[in-house]
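# Architecture and fold: a report
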Amino acid sequence: MMNMADQFSNAAEIAARMADKMMAGYQILSEIDEIDVATAEKELIWQLGRVKVYHYISSAPKKSQTPTLISYALVNRQDMMDLQPDRSYIRNLLNLGLDLYIIDWGYPTAADKYDSLEDYIEMYLDGAVDAVCEDSGQSKINLMGICQGGTFSVIYSALHPEKIKNLVTLVTPIDFSTNDGLLIRWSKDMDIDALVDANGNISGDFLNVGFATLKPMMQAGKVMNLMSIIDDKDKLMNYLRMEKWINDSPDQAGECYRQFLKDLYQENKLANNELKIGRRTVNLKDITMPVMNVYATEDHLVPPAATIPLNDLIGSKDKSLYKFPGGHIGVFVGGRSQKELAPAVAEFLISRD
Amino acid sequence: MENNKTFFDNWVETQNKMMDQWNSTLQKGMESARTNDAFQAGSDWMKQWMSHQQEMVNKFKEAGKEQTEKNKAGMNSFLDGWMENQRHLSDTFLNSLKGFSGPYMNGQSDNYFEQMRNAGKSWMEAFNTGAKNWTDAYARPAAWAEMAQKTTSDTYRAMKSGFEAYSVMARMWKPMMDKMMTGEFSGNATHQFIDPAAFKAYLDKLFNFDHGTALLQQLMGSWMKMAAEMQDSNRIFDNIDAWKNQMAAFGNPVLELANRTADGLRQMLAPFTKLAEQPKAAKVKELVEQLGKEYNNAYHALTGLQYLIYKEGAATLDAFVKSTANKYADQEGYKDFNDLYSEWLKESGAAFESLFHTDEYSRLQGEAVNAQSNIKLATNELTEIFMEPFPVLLRSQADEIYRTNHDLKRRVYELEKELKTRTAKAGDSAIADKASKNTAAANRPRKS
């Protein structure tokens, strides 16, 4: 233990050192021109308005004939799964032999405010699935949904089971009856109609402020960490890629947000088999294909209590629950994700090809 | 003579003086408006008010220095006082607002369209600034203000902000640690060593309350600016006796100016519009009053949130100080201040997360967000009314176009899909293939 007198007589020195780091940081940061993310090679195969589907190009031998379409959340961007070459869930899956496609939901503008949950399921996602079928020559595909994109995938699979061979959900909220997650808890006290009526689309900044508040001291801790790595170019670039991803937050199409928050977050209609998409009611028992459901034990955005119940709600006989020790983001960028989760997902799909 | 006032006493005294001064100036300004004097005086009274404010803030800072050294203020009394004072300020504002929206007259002339346009512009700018200030401050607190502009500059800003918070914490801990070193520290006497103002500043930085705590002042400022700009713009009417006489009778100059501006604009554009609509003065009045109420709701909610965070922070700090003191008493401790700070972040983070899970926090946050939504709704509606006479696309009209486009987009998608299905079913592979190719071609992006 350091002498206390030393500790605080050195306080000024510590502060001075940190100030030096800040000055150095300013210089280093100002010299960085570009921060690359999502660099895995891919080709655009379909587009409907702002929504696009890409096909990843890989030289690795294919071990699955069935293509896999990845549906990410509308919040933030799918780049998280290919943040950098040595921390890329996408590259990992490609190297393991999967044939991957991915949806880019784009950036909704005011003109897209009327895009509803039904539009996302029955027009964009359905169009994307058809496009992948057409491009690959297969009548069925695997669907891999992440977070909110997982919820979309579950809804779609219940409505169109004939098109989905296998379903993989990662950190996907299904049962909103829990109050474990703050987002779920807080949404119940908000007037969603007023929010959407007033704003049209819901801004990414608004959501980001909410996410940052969930872990109020995390930012302070991150900054302390940044101070220690500011003069290490590689580590700094890793940090910046993550920051770039965090701050790349598309707005949410108003009508979709309205129904998603009211019907799911507030009224839990999906888990209760009461959710209406157009004229159809979503019955989770209609999901009969093999399902792999991945949850993260330390997920503060989508708590395990909202994810785990999926397996009891669906009609599938072949279903597995994968417990990932870590947080919401760690599922895609952590070392364990690369070493364990990606191989497990690939194995699940290849063995059921 | 020794100054025995606590930090809180000085703070409240200053806030109350500021509020009294604001009220008094406001009353003076409104009286001047009624008697026309203010039209000549311009915005002198506003400047005077600002000068008084600055003077009092400086005095408070001086008094605060002494108290910071003495550290006599108890944390809880400081926080309770802060809360009470914020409520007082908010209530006083609402009362002032009611004073604004008194009886009004709906007279109008036809010879000052240009002037009205200028006056209307000033009023609307001031009005929108008020709404925007609040919205931005809530939705985009300091550290997030320019988020998504450039990752590196944002990172630097975050680093700077984090460093400032760290520095505040380090300075705050120093006197207490000095006492721990000499064995004079009692774990039950945290408040004697922690400067509540410094701790509040630390939490303000962490939670971006730097802007949040200034919300009330922003609101007051925006309304004052509105009044001042109204008077500035009135200068151009000095030679319009009829207008001044009418204004002299109004009990609500701001609202009336808005009403008359809308009327004036309508008349100016009358030749270009299919018909001159009746003024929507009553609706404007209703919306302005609603806006004031929602501002008040928002402030109560936001103040309540801050209060909860300050209280939780203070309680956590107190427990943390005690555990730290015990560690040192047991000859344990932290490697350095960074080590201590990391532990503090961990413990306080857990405490705040617990707080966020409470019904009270969630309710207050919901009220704050809902009030913000309602402010925006009222602002949207007012803007629509004011813009109605102009040959510009209104929000509601744009929405109609968006909806039509959306419906058409959906319909086209469904028809294409149906065509593919029908042709496939008919077994006409050639047609199906062609339809498929057409659809794929239509959906495949074209290279420019």
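Just above, that's the structure.
Computed from a predicted model, the values in this text were never measured in an experiment.

Another point: the overall build of chain A. Looking only at helices and strands, one finds 15 helices and twelve strands in chain A. The C-alpha atoms of chain A give 22 Å as radius of gyration, which agrees with the globular expectation for 353 residues (20 Å, within 12%). Projecting the C-alpha coordinates of chain A onto the three principal axes gives extents of approximately 70 × 50 × 40 Å. Residues counted as buried form 61% of the 353 residues belonging to chain A. Here the contacts in chain A between residues at least 6 apart in sequence split such that 78% fall between residues at least 24 apart. With an accessible surface of roughly 12900 Å², chain A has 48% of that area assigned to carbon and sulfur atoms. Across chain A, 35 positive and 49 negative side-chain charges occur, with their mean positions spaced 4 Å apart.

Between helix 4 (residues 117-136) of chain A and helix 16 (residues 395-425) of chain B, the shortest axis-to-axis distance is 11 Å and the interhelical angle comes to 40°. What the angle tells us is that helix 4 of chain A and helix 16 of chain B run oblique. As for how helix 4 of chain A packs across helix 16 of chain B, the hand of that crossing is left-handed. The segment helix 4 of chain A lies against helix 16 of chain B, with Glu118, Asp119, Glu122, Met123, Tyr124, Asp126, Gly127, Asp130 and Glu134 of chain A engaging His406, Lys409, Arg410, Tyr413, Lys417 and Lys420 of chain B. Looking at the contact of helix 4 of chain A with helix 16 of chain B residue by residue, the class counts come to three nonpolar, two polar and ten charged.

The next thing to look at is the side chain of Asp82 of chain A. Residues and elements named next belong to chain A. Tracing the backbone shows Asp82 in strand 4 (residues 82-84). Overall, Asp82 belongs to the buried group, its relative accessible area being 2%. A polar contact of 2.7 Å, which involves the side chain of Asp82, links it to the side chain of Ser88. Apart from residues no more than four positions distant in its own chain, Asp82 is found in contact with Val37, Ala38, Thr39, Ala40, Ser88, Ile90 and Arg91.

The next point concerns the packing of helix 4 of chain A against helix 11 (residues 254-266) of chain A. Residue and element names in this part refer to chain A. Put simply, helix 4 and helix 11 touch, their axes get as near as 6 Å, and they point 105° apart. Between helix 4 and helix 11, the interaxial angle falls into the category roughly perpendicular. Facing Leu117, Glu118 and Tyr120 of helix 4, the residues of helix 11 in contact are Cys256, Gln259 and Phe260. Here the contact of helix 4 with helix 11 is composed, by residue class, of four nonpolar, one polar and one charged.

Scoring rules and cut-offs
Residues numbered from 1 in each chain as written. Chains lettered and ligands numbered in written order. Predicted model: local features only at pLDDT ≥ 70, side-chain atom pairs only at ≥ 80, totals over all residues. Heavy atoms only, no water. Helix = DSSP H or I, 4+ residues; strand = E, 2+ residues; numbered from the N terminus. Rg over C-alpha atoms; globule rule 2.2 N^0.38 Å. Buried < 20%, exposed > 50% of the residue type's maximum accessible area, 1.4 Å probe, protein only. Contact = heavy atoms within 4.5 Å. Areas by Shrake-Rupley, 256 points an atom, 1.4 Å probe, with all protein chains shown as cover. Lys, Arg positive; Asp, Glu negative; His and termini not counted. Charge placed at Lys NZ, Arg CZ, Asp CG, Glu CD. Axes fitted to C-alpha atoms, helices over the stretch in contact; angles between N-to-C directions. Parallel < 35°, antiparallel > 145°, perpendicular 65-115°, else oblique. Left-handed = near helix turned anticlockwise from the far one by under 90°. Nonpolar A, V, L, I, M, F, W, Y, C, P; charged D, E, K, R; others polar. Polar contact = N/O pair within 3.5 Å; in protein donor to acceptor, adjacent residues only side chain to side chain.

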